[in-house]
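Here is what each chain is made of, one letter per residue.
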Amino acid sequence: MPHPTRRPGERPVRRLGALLVASLLAGACSGGPTGAPGAGVAHTASSGPPGAVRTASSGPPGAAPTVLLGVDVPFLTALVAHNQRTLEIVHLSEGRLVDPELRTLAAAVAATEADELRTARTWLRAAGRPTSGGHDHHGHADAADLARLREAAPADVDRVLRTVLVEHQRAAADLARAHRAVGGSAPVRALADRVARSRTAQAELLAAGAVR
C-alpha cells in the first residue's frame, strides 16, 4: 500500500531521476570508443572538451550548441521520448475536454513541447545521434494510463487527463533538474532549466484544477 504522504508515481519518478543522473555521469566519465553506449567521445584534437560531440550547427551565436557534451545526449534523447508521449496524451483528449481552462492549458503544453521536440531532434541530428530512443514511463503516463484516458467516459476525461498529465510533467521536471545538476553545454542547460520551470508550473496548475 503506498505511503499516505507519497504522490502517486513518486517512487518511480525519483528512481528514474536517479538513473538519469547515473547515466549522465557515466556518459561524462566514459573513456570508451566513439559509439560505445554512453561514451559520446570524439577523439580528435579539435573535438572540444573530453566527452564532447561536435555538431554541424550553424547560425547565430548561442542559438544552438556547437558541441554536445556526453551528458547532453541522454537528456535530449529522454526529452524527445517524453515530449512525444505528452503530445500523444494531449491528442487523446482533443475535442473531449469540458473545462475551457484545461483545454487552453493542454493546447499550451502541446505547443511548448512540440517546439522543444524540434529543438532536441535538431541538436541530436546535427551531432549524428539518433533522434529517438527508449524512455521508461513506468509510474507515469504508461500504456495503462493511455488506455485509461482513451477509454474514459465523457464525464471523466478532464479528471483522467489531469491525473495522467500531472505525474508526467512532474517526471519531466525531475529529468530536467537531474541534467542541471550534472552540467552539460550551456544551451542544453538553458533548455533543461526552461523545462524544469515550465513543467513545475504546469503540474501545479493541473493539481490545482483537480481540487477545485
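Residues numbered from 1 in each chain as written. Predicted model: local features only at pLDDT ≥ 70, side-chain atom pairs only at ≥ 80, totals over all residues. Heavy atoms only, no water.

Caption draft 1: Summary view of helix 5 (residues 157-182). Compared with an ideal rise of 1.5 Å per residue, which puts 26 residues at 38 Å, helix 5 spans 38 Å between its outermost C-alpha atoms and is within 8% of the ideal. Of all 26 residues that make up helix 5, 19 are buried, and the element is covered over most of its length. Directly beyond the C-terminal end of helix 5, a positive phi value near 100° is found at G183. (Helix = DSSP H or I, 4+ residues; strand = E, 2+ residues; numbered from the N terminus. Expected span 1.5 Å × (residues − 1). Buried < 20%, exposed > 50% of the residue type's maximum accessible area, 1.4 Å probe, protein only.)

Caption draft 2: Structural context of the nonpolar core. Counting 21 residues, the largest nonpolar core has I89, L97, L149, L161 and L206 as its most contacted members. Tallying contributions element by element places helix 5 first for this core, with 6 residues. Counting 17 residues, the second largest nonpolar core, distinct from the first, contains L124, A127, A176 and V195. (Core = buried A, V, L, I, M, F, W, Y, C linked by side-chain atoms within 4.5 Å.)

Caption draft 3: View of the pattern of salt bridges. All chains considered together, the criterion is met by 11 salt bridges. For R118, the salt bridge identified is with D115, shortest N-O distance 3.6 Å. Of the two residues, R118 and D115 are both situated in helix 3 (residues 100-126); the distance of 3 residues between them amounts to about one turn of the helix. Measuring nitrogen to oxygen at the nearest pair gives 2.8 Å for the salt bridge that ties E167 to R170. Here E167 and its partner R170 are both found in helix 5, 3 residues apart, which amounts to about one turn of the helix. Overlapping salt bridges, with partners in common, bring together E113, E116 and R199 in one network. (Salt bridge = Lys/Arg side-chain N within 4 Å of Asp/Glu carboxyl O.)

Caption draft 4: Summary view of the packing of helix 4 (residues 143-150) against helix 5. Where helix 4 meets helix 5, the axes come as close as 9 Å, and the angle between the chain directions of the two elements is 160°. As judged from the angle between their axes, helix 4 and helix 5 are roughly antiparallel. Handedness of the crossing formed by helix 4 with helix 5: left-handed. Here helix 4 contributes D145, R148 and L149 to the contact with helix 5, which in turn contributes V157, V160, L161, T163 and V164. (Axes fitted to C-alpha atoms, helices over the stretch in contact; angles between N-to-C directions. Parallel < 35°, antiparallel > 145°, perpendicular 65-115°, else oblique. Left-handed = near helix turned anticlockwise from the far one by under 90°. Contact = heavy atoms within 4.5 Å.)

Caption draft 5: Highlighting the side chain of Q202. Within the secondary structure, Q202 sits in helix 6 (residues 186-210). Residue Q202 is classed as buried on the basis of its relative accessible area, which comes to 9%. Ignoring anything within four residues of it in the chain, the contact list for Q202 reads L105, V109, E113 and Q169.

Caption draft 6: View of helix 2 (residues 72-93). Look at helix 2: 32 Å from first C-alpha to last across 22 residues, which is about the 32 Å you get at 1.5 Å a residue. The element helix 2 is largely enclosed, with a buried count of 17 among its 22 residues.

Caption draft 7: A look at the confidence of the model for the protein chain. Summing up the model confidence of the protein chain, the mean pLDDT is 76 and the portion of residues at 70 or higher is 64%. Looking across the protein chain, the model is least confident in helix 1 (residues 10-29), with a mean pLDDT of 39, and most confident in helix 3, with 96. For the stretch residues 1-51, pLDDT sits under 50, and the model shows 67 contacts to residues farther than four places along the chain or on other chains. (pLDDT = per-residue confidence, 0-100.)

Caption draft 8: Expanded view of the packing of helix 2 against helix 3. Between helix 2 and helix 3, whose axes approach to 9 Å, the crossing angle comes to 145°. For the element pair helix 2 and helix 3, the recorded crossing hand is left-handed. Seen from helix 2, the contacting residues are V73, L76, T77, L79, V80, H82, N83, Q84, T86, L87 and V90; seen from helix 3, they are A106, V109, A110, E113, A114, E116, L117, A120, R121, W123 and L124. Of the residues assigned to the contact of helix 2 with helix 3, the class counts are 14 nonpolar, 5 polar and 3 charged. (Nonpolar A, V, L, I, M, F, W, Y, C, P; charged D, E, K, R; others polar.)

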